[in-house]
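If you want the building blocks of each chain, they are given just below.
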Amino acid sequence: MKIAKRARRKPNKVPTKESRNIKTEHRESNLPAVEKYKTCSICRNIPSSAAEFWKGGELQGDGLPGAERALKVVGSPYYNDSTSHTNSCIKRCPECGTIYQWEIEYEYLVNGSEDYITLTRLSEAEGEKAVQRVLKEVKRAKKKFRDDAQAHLQALDQLANQKQIQKAADYFYHHQLVYKEDISFAVPALTKALEKHSHTAPKCDVGRSLFWVLLEFADNDETHKQQLLDLLQAVDPNKNPPEVQELIQYCKQTQK
Ligand SMILES: [Zn+2]
């Protein structure tokens, strides 16, 4: 996932868009009487609401407090704090568990984009509600991944047309890489498809797509290498596309 990198320069101007602050201010009144964030070494350095304004890649004013960087995105990697587009997520303090709402409004302008980031501390009740909402959404997305995988597994098993096999390989590659999904359940079908997709050309597109998803799988976890080796070594030597040997070699060389 692309995260916009911008040079942090010396602040020279205080944010001027006060109007956008209004929507975050009302939440302060909902905070309980005794708050754990007050004694937390991270949260006590974060105000109840803070903002950061970027214009043409330059920070205007002081920006968010440095302690904000210690907060963890809830529901990652399905949620993130990428600043390359309009985005929102909730963040949790790793020390005291206080929840914050993080938002960015990204506006592309010809003479330099404008980003307005806000961070608002939520009350315990609001935070709990927000966490539940995020966890529910992550659960839904994970279920969708497994549900949609079925059609791709079928395409691999039936060795459908090349386009469908490639689509299946890309599907598992993407979810493994971006969403850190465990694709163990699809690896036998991916290996079988590579075996059945008999070819000798070293630059076969389908062969390469299957190669990359299996290589990424092997790299993710030490136990995956042996799991993949067992499958690859059972491949019929008469139907042995070059990628199989390449993967066997890779797993053996990198195995600890
Ligand atoms: Zn805290």
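Rules and cut-offs
- Residues numbered from 1 in each chain as written.
- Predicted model: local features only at pLDDT ≥ 70, side-chain atom pairs only at ≥ 80, totals over all residues.
- pLDDT = per-residue confidence, 0-100.
- Helix = DSSP H or I, 4+ residues; strand = E, 2+ residues; numbered from the N terminus.
- Contact = placed C-beta atoms within 7 Å.
- Pairing = 2+ DSSP bridges.
- Expected span 1.5 Å × (residues − 1).
- Bend = angle between axes of the 7 residues up to and from the residue.
- Buried ≥ 20, exposed ≤ 12 C-beta atoms within 10 Å, placed from the backbone.
- Arc of directions from axis to C-beta.

Chemist: Please clarify how the confidence of the model for the chain should be interpreted in this entry.
Modeler: As a note on interpretation, predicted positions should not be read in detail where pLDDT is low. Scored by pLDDT, the chain comes out at a mean of 85, with 85% of its residues at no less than 70. Per-element confidence in the chain ranges from a low mean pLDDT of 44 for helix 1 (residues 22–25) to a high of 98 for strand 3 (residues 72–73). With pLDDT under 50 throughout, residues 1–26 is counted as low confidence; its partners more than four residues away or in other chains account for 37 contacts.

Chemist: Would you mind showing me how to read the pairing of strand 4 (residues 87–92) here?
Modeler: Each regular strand shows side chains that alternate between the opposite faces of the sheet. The pairing of strand 3 with strand 4 spans 2 bridges and is classified as antiparallel. Paired with Val-73 across the strands is Lys-91, a residue of strand 4. Pairing of strand 4 with strand 5 (residues 99–107) involves 6 bridges; the strand directions are antiparallel. In the strand pairing of strand 5, Ile-90 is matched with Gln-101. The loop that links strand 4 with its antiparallel partner strand 5 comprises 6 residues; one of these, Gly-97, has a positive phi angle of about 85 degrees.

Chemist: Could you clarify how one ought to interpret unusual backbone geometry in this entry?
Modeler: Glycine aside, the phi torsion of most residues is negative, and most peptide linkages are trans. Residue Pro-77 is reached from Ser-76 by a cis peptide bond, and omega for that bond is 0 degrees. Here Pro-77 lies in the loop between strand 3 and strand 4. If you check the backbone angles, Lys-180 has positive phi at about 55 degrees while not being a glycine. Tracing the sequence through the fold places Lys-180 in the loop between helix 3 (162–177) and helix 4 (187–196).

Chemist: I tried to follow helix 2 (residues 124–157) on my own but got confused; where do I start?
Modeler: Two residues of an α-helix separated by three or four positions point the same way, owing to the 3.6 residues in each turn. For helix 2, built from 34 residues, the straight-helix expectation of 50 Å at 1.5 Å per residue is met to within 8% by its first-to-last C-alpha distance of 49 Å. At Gln-150, helix 2 is bent by approximately 30 degrees, the largest bend along its length. Within the sequence span of helix 2, burial applies to Gly-127, Val-134, His-152, Ala-155 and Leu-156. Turning to helix 2, the residues buried within the fold contact strand 4, strand 5, helix 3 and helix 4. Looking one or two residues past helix 2, Leu-159 carries a phi angle of roughly 45 degrees, positive in sign.

Chemist: In this structure, what is going on with helix 7 (residues 242–254)? I would like to understand it.
Modeler: Taking 1.5 Å as the rise per residue, helix 7 with 13 residues should run 18 Å; its terminal C-alpha atoms sit 19 Å apart, in good agreement. Residues Glu-243, Val-244, Leu-247 and Cys-251 constitute the buried set of helix 7. Each buried residue of helix 7 lies within a common arc of 105 degrees when the element is viewed along its axis, so the set occupies one face. For helix 7, exposure combined with an orientation more than 90 degrees from the buried face picks out Gln-245, Gln-249, Lys-252 and Gln-253. In the core, the buried residues of helix 7 are packed alongside helix 4, helix 5 (205–220) and helix 6 (222–233).

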